[in-house]
Amino acid sequence: MTLFDHPDFAGHETVQAVFDETTGLRAIIAVHSTARGPAAGGCRMWPYASSELALTDALRLSRAMSFKNAMADIPLGGGKAVILGDARSQKTPALFEAFGRAVDGLGGRYWTAEDVGVSPTDLAYARRSTRFVAGLDGHAAASGDPSPVTAEGVFRGVRLAVRKALGRDLDGVTVALQGVGHVGAYLADKLHAAGAKLIITDVNAETLNLVADRTGARIVAPAEIFDVEAEVFAPCALGGAINAQTLPRLKAKVIAGGANNQLASAEIGRAVFAAGLLYAPDYVINGGGIINVAGEIRALEAGEAFDPAWVAAKLDRLTETLEEVLDRAVADHRPTHEVADEMAQARIAAAKAERLAA
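Residues numbered from 1 in each chain as written. Predicted model: local features only at pLDDT ≥ 70, side-chain atom pairs only at ≥ 80, totals over all residues. Heavy atoms only, no water.

Novice: I would appreciate a short explanation of the side chain of Thr-56 in the present structure.
Specialist: Structurally, the position occupied by Thr-56 is in helix H1 (residues 51–71). Excluding residues that lie within four positions of it along the chain, Thr-56 makes contacts with His-6 and Asp-8. (Helix = DSSP H or I, 4+ residues; strand = E, 2+ residues; numbered from the N terminus. Contact = heavy atoms within 4.5 Å.)

Novice: Could you clarify how one ought to interpret the nonpolar core in this entry?
Specialist: Across soluble globular proteins, nonpolar side chains have a tendency to be buried as a group. Ranked by internal contacts, the top residues of the largest apolar core, which has 89 residues, are Ile-29, Ile-83, Phe-99, Val-158, Leu-191 and Ile-200. For this core, the leading source of residues is helix H10 (residues 308–332), giving eight residues. Membership of the second largest hydrophobic core comes to 19 residues, among which are Ala-176, Ile-199, Ala-230 and Leu-247. (Core = buried A, V, L, I, M, F, W, Y, C linked by side-chain atoms within 4.5 Å. Buried < 20%, exposed > 50% of the residue type's maximum accessible area, 1.4 Å probe, protein only.)

Novice: Please explain the sheet that holds strand S2 (residues 25–33) as it appears in this structure.
Specialist: Working definition: the strands of a sheet are paired by backbone hydrogen bonds and lie parallel or antiparallel to each other. Taken together, five strands build an open sheet; the order of strands is S1-S2-S4-S3-S5 and the sheet is mixed. A single partner strand is all that each edge strand has here, and the edge strands are strand S1 (14–20) and strand S5 (110–114). Shown here is a sheet whose adjacent strand axes are inclined to one another by a mean of 20 degrees, direction ignored. Pairing of S2 with strand S4 (residues 77–84), which is carried by six bridges, proceeds in the antiparallel orientation. Residue Ala-27 lies in a different strand from S4, and its bridge partner there is Ile-83. (Pairing = 2+ DSSP bridges. Axes fitted to C-alpha atoms, helices over the stretch in contact; angles between N-to-C directions.)

Novice: Help me understand the packing of aromatic side chains, please; the structure alone is not making it clear to me.
Specialist: What characterises a pair of aromatic rings is the spacing of the ring centres plus the angle enclosed by the ring planes. Going through the model one piece at a time under the given rule, you end up with four aromatic pairs. For the pair Phe-4 and Phe-9, a centre-to-centre distance of 5.3 Å together with 90 degrees between the ring planes defines the contact as edge-to-face. Relative to Phe-132, the ring of Trp-111 has its centre 5.2 Å away and its plane inclined at 85 degrees; by these criteria the two rings are edge-to-face. One end of the pair, Trp-111, is in strand S5; the other, Phe-132, is in the loop between helix H3 (120–126) and helix H4 (147–166), and 21 residues separate them in sequence. Looking at Phe-132, the relative accessible area reads 8%, which means it is buried. (Phe/Tyr/Trp six-rings, centres within 6.5 Å; stacked < 30°, edge-to-face > 60°.)

Novice: Sorry, what's going on with the sheet that holds strand S8 (residues 218–219) here?
Specialist: Taken in spatial order, the six strands line up as S8-S7-S6-S9-S10-S11 in an open sheet, and their pairing is parallel. Of all strands in the sheet, those bounded by a partner on one side alone are S8 and strand S11 (278–279). Bridge analysis of strand S10 (residues 254–255) against S11 gives two bridges, and the strand direction is parallel. If you follow Ile-255 over to S11, its bridge partner there is Tyr-279. Its contacts with the sheet put helix H6 (residues 205–215) on strand S7 (197–201) and S8, and the angle it makes with S7 is roughly 170 degrees.

Novice: Looking at this structure, I do not really get the packing of H4 against helix H5 (residues 182–193). What am I missing?
Specialist: For any two helices packed against each other, the geometry comes down to the angle between their axes and how far apart the axes lie. Following both chains from N to C, one finds H4 and H5 inclined at 50 degrees, their axes separated by 8 Å at the closest point. Here H4 is positioned oblique relative to H5, judged by the angle of their axes. As H4 runs across H5, the sense of the crossing is right-handed. Between H4 and H5, the contacting residues are Ser-147, Pro-148, Thr-150, Ala-151, Glu-152, Val-154, Phe-155 and Val-158 on the first element and His-182, Val-183, Tyr-186, Leu-187, Lys-190 and Leu-191 on the second. (Parallel < 35°, antiparallel > 145°, perpendicular 65-115°, else oblique. Left-handed = near helix turned anticlockwise from the far one by under 90°.)

Novice: How should unusual backbone geometry be read in this particular structure?
Specialist: The general pattern is negative phi for most residues beyond glycine and trans for most peptide bonds. Located in the positive-phi region is Asp-73, a residue other than glycine, with phi close to 60 degrees. Inspection of the secondary structure assignment puts Asp-73 in the loop between H1 and S4. Phi at His-333 is positive, roughly 50 degrees, even though this residue is not glycine. Considering the arrangement of structural elements, one finds His-333 in the loop between H10 and helix H11 (336–357). Residue class for His-333 comes out exposed when judged on its relative accessible area of 63%.

Next comes the structure, spelled out in C-alpha cells:
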C-alpha cells in the first residue's frame, strides 16, 4: 500500500518522514492544508506500536486541524507532527533540536506547538533550530499555556450542549470526565464551579486525587467510565473513545469533551446520532487552544505583543459556530459531525478559490 492508498490520506499537501540517526529521532510531519494560511498543530510523542499507527495518527490529526482551524475562523491551515518514542524515557534536548531542524526545513509551511507527551521545555529545545514554534514564554508575543483557553471553550460547549439536549443548566448535571490532564483538570474545575457533579478517571493516580480533592469528584477505573450513570460523557484523553464497544455502554445523552478524534469512525458518528445522543464535534468544541496559539503566531509575524482581546473575540465566535452546527443538525435531522465537516470543507474550499483568484 502506498501513502496515497492509505484510508486516512485526504489530499494532504505534504507528509514527511523524519529520521535522525544521531539522536534516534523518528517522526512524521503531516501538512493537510495551507489554503487558509500556514499549517499549525501540535507535536505529539507517543510509543506507537508501529510506524503504520503513527502515520494514521498524523494523517487523521492533521486533517482534523485543518477543520478545527477553519471552524475557529483563524488564518491557519492544518498540520500535525508525531514523534515515535516513549516520552517518559526517550526525550533528549538533542532529539528536539533535530525535530526543530525538520520543522525549519518546511520553510514556514508548518508551525508546531505542544501536544500529548511534549512540554514547553521540549519545544524550547526545538526553538533553537527554528522560529516556527508557538506556545512558549519569554517574549512579548508569548501566549502562555493554551490549556486553560481550550478548557474554557470546552466548558462553554458542554454548557451549550446540555442546554440544547436537556433544556437545563449545568447545576446538578453529572459529567463523566475521561482524562484530567492539562485540559481535563481545568475543565473539571469549571464544571465544579458551575454546580456539576463529577465522575472522573485517568491513568495518573496522583492527578486524579488532586482533582478529586478540590472538586469532590468520584474516581473510577479507566475501564469503568463508560458504564457510570451520567448525563454527559466528556472525553478528554486520547482519540477513539467512542467506538463500537463503548457506545452501547454509555448512559449519557451528551458527548462533549476536549479530546481530538473522539469518534472511532464516521460510522460511529452516525450510530451516535441514531442512538439519540447529542455529540458536540470535537474539533469545534476544543478549538480554544489553537485560537490562543494563532494569537501568538499573529503577534510574532507582525512583531507585536500578544492581544488577549483578539483571542477572547475568537472564542466567543467559536461558541456561536458550535451553536450553528447543533441547530443546523436539528433542522436537517443529520449527525452533527457531518454538518461540521461540510461547514469546515466549505470554508477551506472558499479560501482555496480566493487564493486562486488572487
